[in-house]
Amino acid sequence: MSAAQPATAVLPMLNINKEDFPLKTELVAVLAEENIHAEHLVFRDTLDLASIKNLQLVLVDHNVLTEEDKDLESKVVEIIDHHVRETDHENATIEPVGSCTSLVLRKILSENPSFQDHISLRMIMKTILLDTVELQPSAKRVTPLDVEMVDKCEKVLGAQDRGQMFRRVMEEKCRVDHLTAGQLCRRDLKVVSKNGVRIALSSVPMLASKWTELADVEKEVQLFMSQGNFEVLLIIGINIDKETVTRDLVLAGDEASNSYKKVQTALENHTDPSLGLELDKSVKNFVRYSQQNHAASRKQILPIVKQAL
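Being a predicted model, the structure only gives us computed values, none of them experimental.

1. Brief notes about the overall build of the chain
Stage number 1. Counting its regular elements, the chain contains ten helices and eleven strands.
Stage number 2. The C-alpha radius of gyration of the chain comes to 20 Å, within 12% of the 19 Å expected for a compact globule of 309 residues.
Stage number 3. Across the chain, contacts joining residues at least 24 apart in sequence account for 58% of those joining residues at least 6 apart.
Stage number 4. For the chain, the computed accessible surface area is about 16500 Å², with 47% contributed by carbon and sulfur atoms.

See the structure below:
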């Protein structure tokens, strides 16, 4: 139930299908620590949103609907996000913080200053630490609000071992040895779609160059792109070693297609921000770039791809 609107039933929905939940290893682990499992959750294929009478949608961690969901636009009543603004919705809180969860907690505390749910606060704190790489300035993600919201969590929970908390969640995020190259494409996926052209942007918890070395990677990529009707696949890789962040990109698709050329050109030539891409010809069957701008995550790359189309 909603504290602000007690008569309104509120359902938190994960915007993924149930079959993809096990792929999100850090999410599974954090929820399991609080004894929350798949059978307790609502997934995108659990409910038919279009069939719900008087539906009201609050978008969290994104501020535009996909092409497939455009018919739900009139149902959106609020947006909380930290990505590039792509909406003119009148009730949108969009700020470039390190973790969208920081905005969510600020919203909760503004409506209920005495909020002290330990389960929620533990999960919120773990998420902020993961998103900001343990609030480390060197990762260039953390903002004052992220630090403030972690402090707010600890005022209720007591002092926490932030390093240990971050490392445990990060270890789970990187525990993907049991996943195929194709499953890693689905694990953390964003889709850009325009005029029938679909581009997949998949973030993986390893360098993209390492992903290209996985078993049957070419076959897995062909199947993933065919099933999703994608013209281009962009693998966004990252490696975090203590305070050092390394990033790279891999492009897959028909290099002769217009869509591929547009995306490639946009990534190479974009200046605000510049990704600092350097072509690496040692990777076979894919185009791989090392990325010198280690602060540019998918949050910055996705708008570049959208503009390219």
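2. Quick notes on the pairing of strand β8 (residues 232-241)
Stage number 1. Burial analysis of β8 places seven of its ten residues in the buried class, which makes it a mostly covered element.
Stage number 2. Examined bridge by bridge, β8 and strand β9 (residues 244-253) share ten bridges and lie antiparallel to one another. The residue bridging V232 from the neighbouring strand is G253, located in β9.

3. Things to note about the side chain of S99
Stage number 1. With respect to the element layout, S99 can be found in the loop between β5 (92-94) and α2 (100-111).
Stage number 2. In terms of polar contacts, S99 uses its side chain to reach the side chain of D131, at 2.8 Å.

4. Thoughts on the sheet that holds strand β3 (residues 57-60)
Each strand in a sheet pairs with another by means of backbone hydrogen bonds, the pair being arranged parallel or else antiparallel.
Stage number 1. The sheet built from three strands is open, its strands ordered β3-β4-β5 with parallel pairing. Each edge of the open sheet carries a strand with a single partner, namely β3 and β5. Pairs of neighbouring strands in the sheet enclose a mean axial angle of 10°, with direction left out of account.
Stage number 2. Where β3 and strand β4 (residues 76-81) come together, four bridges link them in parallel fashion. Bridge pairing links L57 to V76 in β4.
Stage number 3. The strands that α2 touches are β3, β4 and β5; relative to β4, the one it contacts most, it runs at about 120°.

5. Description of the packing of α2 against helix α4 (residues 144-157)
Axes are the key here: two packed helices are described by the angle between their axes and the distance separating the axes.
Stage number 1. Put simply, α2 and α4 touch, their axes get as near as 9 Å, and they point 55° apart. Relative to α4, α2 is oriented oblique. Seen from above, α2 lies across α4 with left-handed handedness. Along the contact surface, α2 presents S102, L103, L105, R106 and L109, while α4 presents L145, D146, M149, K152 and C153.

6. Things to note about the nonpolar core
Stage number 1. Counting 34 residues, the largest nonpolar core has L105, M125, L129 and C153 as the members making the most contacts within it.
Stage number 2. When contributions to this core are tallied by element, the ones reaching two or more residues are α1 (25-33), α2, α3 (118-131), α4 and α5 (162-173).
Stage number 3. Counting residues per element, this core draws most heavily on α3, at seven residues.
Stage number 4. In terms of nonpolar packing, the next biggest core, distinct from the first, is built from 24 residues, V192, Y289, L302 and I304 among them.

7. Some remarks on the pairing of strand β10 (residues 277-280)
Stage number 1. Across four bridges, the pairing between β10 and strand β11 (residues 287-291) is antiparallel. Within β11, the residue paired with E278 across the bridge is S290.
Stage number 2. Adjacent in sequence and paired antiparallel, β10 and β11 are bridged by six residues, among which N285 carries a positive phi angle near 70°.

8. Some remarks on the packing of helix α9 (residues 258-269) against helix α10 (residues 298-308)
Stage number 1. It is the contact of α9 with α10, at a shortest axis distance of 9 Å, that shows an interaxial angle of 130°. Judged by the inter-axis angle, α9 sits oblique to α10. As α9 packs across α10, the resulting crossing turns out to be right-handed. Every residue of α10 that contacts α9 at K262, V263, A266 and L267 is listed here: I301, I304, V305 and A308.
Stage number 2. A per-class count over the contact of α9 with α10 returns seven nonpolar, no polar and one charged.

9. Re unusual backbone geometry
The phi angle of most residues is negative, glycine excepted, and most peptide bonds adopt the trans form.
Stage number 1. A cis geometry characterises the amide bond from D272 onward to P273, with omega recorded as 5°.
Stage number 2. Not every positive phi belongs to a glycine, and K140 is a case in point at roughly 60°.
Stage number 3. Tracing the sequence through the fold places K140 in the loop between α3 and α4.

10. Digging into the pattern of salt bridges
Stage number 1. A complete count under the given rule lists 18 salt bridges for this structure.
Stage number 2. Among the salt bridges present, the one from R186 reaches D20, with a minimum N-O distance of 2.3 Å. Of this pair, R186 sits in helix α6 (residues 181-187) while D20 sits in the loop between β1 (13-14) and α1, and the two are 166 residues apart along the sequence.
Stage number 3. The class of R186 is partly exposed, set by a relative accessible area of 28%.
Stage number 4. With relative accessibility at 13%, the residue D20 sits in the buried group.

11. A look at the environment of N112
Stage number 1. Take N112: it is sitting in the loop between α2 and α3.
Stage number 2. For the pair N112 and K173, spaced 61 residues apart in the sequence, the C-alpha separation amounts to 32 Å.
Stage number 3. Of note is the side chain of N112, whose polar atom sits 3.0 Å from the side chain of S114.

Cut-offs and rules
- Residues numbered from 1 in each chain as written.
- Predicted model: local features only at pLDDT ≥ 70, side-chain atom pairs only at ≥ 80, totals over all residues.
- Heavy atoms only, no water.
- Helix = DSSP H or I, 4+ residues; strand = E, 2+ residues; numbered from the N terminus.
- Rg over C-alpha atoms; globule rule 2.2 N^0.38 Å.
- Contact = heavy atoms within 4.5 Å.
- Areas by Shrake-Rupley, 256 points an atom, 1.4 Å probe, with all protein chains shown as cover.
- Buried < 20%, exposed > 50% of the residue type's maximum accessible area, 1.4 Å probe, protein only.
- Pairing = 2+ DSSP bridges.
- Polar contact = N/O pair within 3.5 Å; in protein donor to acceptor, adjacent residues only side chain to side chain.
- Axes fitted to C-alpha atoms, helices over the stretch in contact; angles between N-to-C directions.
- Parallel < 35°, antiparallel > 145°, perpendicular 65-115°, else oblique.
- Left-handed = near helix turned anticlockwise from the far one by under 90°.
- Core = buried A, V, L, I, M, F, W, Y, C linked by side-chain atoms within 4.5 Å.
- Nonpolar A, V, L, I, M, F, W, Y, C, P; charged D, E, K, R; others polar.
- Salt bridge = Lys/Arg side-chain N within 4 Å of Asp/Glu carboxyl O.

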